[in-house]
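Residue strings, one per chain:
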Amino acid sequence: MDAVYFDHNASSPLDERVLAAMMPYLASGNASSRHSFGRKAREAVDTARQQVAESLGAHPTQLVFTSGGTESDNLGLLGIGANLKPSQILVSAVEHPAVMRTAEAMRRQGWALRKVGVGAEGLVRIDDFFAALEVPTGLVSVMMANNETGVVQDIATMAELAKQRKAVFHTDAVQGLGKMPINFAELNRHGVGALSVSAHKIGGPQGAGALVFDKKLDLRAIQFGGGQEKGLRGGSENVAAIVGFGAACSILKVQQSAQHTHQLREVLEQGITELGGVIFGASAKRLSNTSFFAFPDVDGETLVVALDRAGFAVASGSACSSDSTDPSPVLLAMGVMPELAQGAVRVSLNHSNTMQEVQDFLKALNHALKKMQQLAAIAA
Amino acid sequence: MSKTPIYLDYSATTPVDKRVAEAMIPYLTEKFGNPASRSHSFGWEADDAVENAREQVAALVNADSKEIVWTSGATESNNLAIKGAANFYAASKGKHIITVMTEHKAVIDPVRELERQGFEATFLEPEPNGLVDIAKFKAALRPDTVLASVMLVNNEIGVIQDIEAIGNLCRANGTIFHVDAAQATGKVEINLEKLPVDLMSFSAHKTYGPKGIGALYVRRKPRVRLEAQMHGGGHERGFRSGTLPTHQIVGMGEAFRIAKDEMALENARIRRLRDKLLAGLSEIEEVYVNGDLKQRVPHNLNISFNYVEGESLIMAVKDIAVSSGSACTSASLEPSYVLRALGRSDELAHSSIRFSIGRYTTEEDVDYTIDLLKTKIEKLRELSPLWEMFQEGIDISKVEWAAH
Amino acid sequence: MAYSDKVLDHYENPRNVGALDKNDDHVGTGMVGAPACGDVMKLQIRVNDDGIIEDAKFKTYGCGSAIASSSLVTEWLKGKNLDQAMTIKNSDIAEELALPPVKIHCSVLAEDAIKAAIADLKQKQAA
């Protein structure tokens, strides 16, 4: 049996149409060269820029292509912060490390970092957020949807509050793209100034991302040399990956995909609950593809390894960093006990997954849990 | 007859070698995992591929694979090396930086950025042949020189700097030494076990690998520290966060493996072609080779055609894909800053062409190019009032030109 | 750089390339631009005794747009008297050749070349 892939929030397989679009450009010219080889590459990048912009409700000139979500977040925070007088930078306590570590690094430039807590369901406490803005704040970053829990934040409301305080609002939308509707123009009216996205979470290639930004912002490059992307991101364009990003955006079917994964997740979570599992953020608005859960007294690492052997690829916490076995900081921020958080497993689906796979998974999960309980009984 | 346009711009970018593309494709399709995923075989498989490629890259430059940090390309490598080292060591060593006027923008621009942050930079002027005078470099070193950055092979004129001598001076002075080797891999031998270099930048797409991937060599013995420039999940031992693009990394590894295996033979073939091109073009009157011819990679020929203007020249030779100056600056009409640093007049800098020869260049391509240049230069000179004046024996440098 | 068809046509087949005898009293020579700026235009006109421009020649060191601008004005100049020639504006040249904004200076240079050639002629004839 082929392995069943349930880890789309970590990286999603390349759609074959995306690969077909990329193939001619795997051997393309340097987009900055003036001859015909270079011109073809330039046109391909421009087309992709339109495709990505369109899927985000943005204008092509509002896009800077980057090497991925992490660089987009770094550019969004450091690039906007560079031309602001350091004051307070406000982030949620559940940000992806690409935002959290960047915000921490900005302390060296004189910024005061303030993390706003979340409630038990993973949602930013709006009252605390509002209160935190009483301190002069230059920059705010709150993610659109959490990579681990899938919990969707009320970005529009927070951006409006930030706007009243004249703070620039950035949102990491890496997990939101493709899984929920995103319209930058509309978000921008509410006060969102910049938004980060990545290709490889939506069936595009690894190695491409973008920052969408309001051109009224005084954005400054963080990577210098060559003047590409209107001086906002030096370095030869990764043409094939950018083309793939554009192609992946052009074939997104957000609504359809969300409905499909929602149906699967209903069945999945019903099964997990019946097996005694706890689902994190269950009553909050979540991305319909994501389920983050744990079983009391069951070690997450052991469980995912057992599931991998049974042919199911799932994640234990976020697949983003290192070999750290610490419990998920996102769950700790939600007030989950460390022992339970240690057991967390994430299933993230996409349109290609089937009901049969979910049913097979529940069987495998049941089997793995029983086996682990037996072993625990023997050990005791 | 050769198929036009003929590609002679291998220093801007190289096509991906078929073998490289074949190695990459499985990692775009069935082996698509995120190498940071520790919980399933998709992730482990990707991680194995990433580590194998790291070995391949390290092998080409005789380094330890633990000394290789993946980046999105040489520009990012240069930014990380220069800003990362300068910021890390500034407090203990000082805030003076030495680099060279002919460096790539990906070195110059980060150094300029550091100047804005309060560092002081010396931009050394190279000799007219493009090489750095070692005595002048030595004289520029100061007790507070925290970092020096000198490229191994120049992107426009192909000259090879004496990295070993410069590195030894840096060592003696306690200065971190960074080398941009984007244009050097597969063209010159690099032995980092011997070379006194602390940081070295690499790019895949100048060596028949894909775009969007590069690496930075960070020496472990003695250990070189950097302040990270890209913050996040702590990938690459904290030097550089961000999901690793597995297929591109695999491509870079394979490209560097091929370079290691084939560079000796390939460079001999390319040298023959370059020498033939040089001999052919030298039959044209009033041509000037830019940069030292001996201490130079065989792939590069940079020539100025006097009394013809650069842009019309590029238009005239549209059947060959070449650069006038570096690909990164050719959207602007400024004459090449590299050639100006060599002391070339604006006119000669304007009328320069960089021919860069590579893996797929044929003898027919070179013959065609020589014929094309001969015909077109003659036509343009017929049009040129400067050529007419030269023929009449007027010294153009003495003419007083009306302000414009 | 994308060039218009008209620029390409003048560049590929420049009209009236060559030189007139600069010592002839009926010939006016204008040389404008500078090598360091990347353009030098030499424009020559010959007028008959009725003051009509009966021939025009040019040589240009410069980009395709500079070559096209000077080639075009040699066509326009023939048959005009000096007053009419003085009315040729850079905007006319830029419009005819569909020059992009970064190349407008080429048309300015061509207009300057006409004025310089006429000034040279008038100076000679006044002497």
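The structure contained in this document is the topic of the report that follows.

### Digging into the sheet that holds strand β8 (residues 214-218) of chain B
All names here are of chain B.
Inference 1: In spatial order, the strands read β2-β8-β7-β6-β5-β3-β4; together these seven strands make up an open sheet with mixed pairing. Either end of the sheet is taken by a strand with one partner, and the two such strands are β2 (68-71) and β4 (120-124). Each strand axis lies, on average, 20° off the axis of its neighbour in the sheet, ignoring direction.
Inference 2: Bridge count between β2 and β8: four bridges; the pairing is antiparallel. Paired with T71 across the two strands is G214, which belongs to β8.

### Quick word on the interface of chain B and chain C
Inference 1: Taken together, the contacts link 26 residues of chain B with 29 residues of chain C.
Inference 2: Of the roughly 2400 Å² buried between chain B and chain C on both sides combined, carbon and sulfur atoms contribute 64%.
Inference 3: Residue E392 of chain B pairs with K22 of chain C through a salt bridge whose shortest N-O separation is 4.0 Å.
Inference 4: Counting across the interface, chain B meets chain C through twelve residue pairs in polar contact (both at pLDDT 80 or more).
Inference 5: Going through the elements one at a time, α8 (310-316), α10 (346-350), α11 (363-383) and α12 (385-391) of chain B are the ones with two or more residues in the side of chain B that touches chain C.
Inference 6: Here the side of chain B that touches chain C is composed, by residue class, of 13 nonpolar, four polar and nine charged.

### A look at the nonpolar core
Side chains of nonpolar character tend, in soluble globular proteins, to be buried together.
Inference 1: With 123 residues, the main nonpolar core has F129 and F245 of chain A together with F137 and L152 of chain B as its most contacted residues.
Inference 2: A total of nine residues in this core trace back to one element, the largest contributor, which is helix α8 (residues 239-250) of chain A.
Inference 3: Setting aside residues no more than four positions away along its own chain, F245 of chain A makes contact with V52, F65, L177, V197, S198, A199, I202, P205, A208, G209 and A210 of chain A.

### Section: the interface of chain B and chain A
Inference 1: Facing the 61 residues of chain B at the interface are 63 residues of chain A.
Inference 2: Taken over both partners, the interface formed by chain B and chain A buries close to 4800 Å², and the fraction arising from carbon and sulfur atoms is 56%.
Inference 3: Of all residues in chain B, F32, K211 and H231 of chain B bury the most surface against chain A, accounting for 14% of the area lost on that side.
Inference 4: At the junction of chain B and chain A, the tally comes to two salt bridges.
Inference 5: Between E227 of chain B and R108 of chain A there is a salt bridge, and its shortest N-O distance comes to 3.5 Å.

### What to know about the sheet that holds strand β9 (residues 278-279) of chain A
All names here are of chain A.
Inference 1: Judged by pairing direction, the sheet is antiparallel, and its three strands sit side by side in the order β9-β10-β12 without closing on themselves. In this open sheet, the two strands that pair with only one neighbour each are β9 and β12 (345-348).
Inference 2: Relative to strand β10 (residues 290-294), β9 is paired through two bridges, and the arrangement is antiparallel. Note on β10: the bridge partner recorded for V278 is A294.

### A look at the packing of helix α2 (residues 64-77) of chain C against helix α5 (residues 104-126) of chain C
Residue and element names in this part refer to chain C.
Inference 1: In contact at an axis separation of 9 Å, α2 and α5 are set at 40° when each is read in the N-to-C sense. Accordingly, the angle class assigned to the pair α2 and α5 is oblique. Judged by the twist between their axes, the crossing of α2 over α5 is right-handed. Contacts between α2 and α5 involve S65, A66, S69, V73 and L77 on the former and, on the latter, C106, S107, A110 and I114.
Inference 2: In terms of residue class, the contact of α2 with α5 is made up of six nonpolar, three polar and no charged.

Conventions adopted
Residues numbered from 1 in each chain as written. Chains lettered and ligands numbered in written order. Predicted model: local features only at pLDDT ≥ 70, side-chain atom pairs only at ≥ 80, totals over all residues. Heavy atoms only, no water. Pairing = 2+ DSSP bridges. Helix = DSSP H or I, 4+ residues; strand = E, 2+ residues; numbered from the N terminus. Axes fitted to C-alpha atoms, helices over the stretch in contact; angles between N-to-C directions. Contact = heavy atoms within 4.5 Å. Buried area = accessible area lost by both parts, 1.4 Å probe. Salt bridge = Lys/Arg side-chain N within 4 Å of Asp/Glu carboxyl O. Polar contact = N/O pair within 3.5 Å; in protein donor to acceptor, adjacent residues only side chain to side chain. Nonpolar A, V, L, I, M, F, W, Y, C, P; charged D, E, K, R; others polar. Core = buried A, V, L, I, M, F, W, Y, C linked by side-chain atoms within 4.5 Å. Buried < 20%, exposed > 50% of the residue type's maximum accessible area, 1.4 Å probe, protein only. Parallel < 35°, antiparallel > 145°, perpendicular 65-115°, else oblique. Left-handed = near helix turned anticlockwise from the far one by under 90°.

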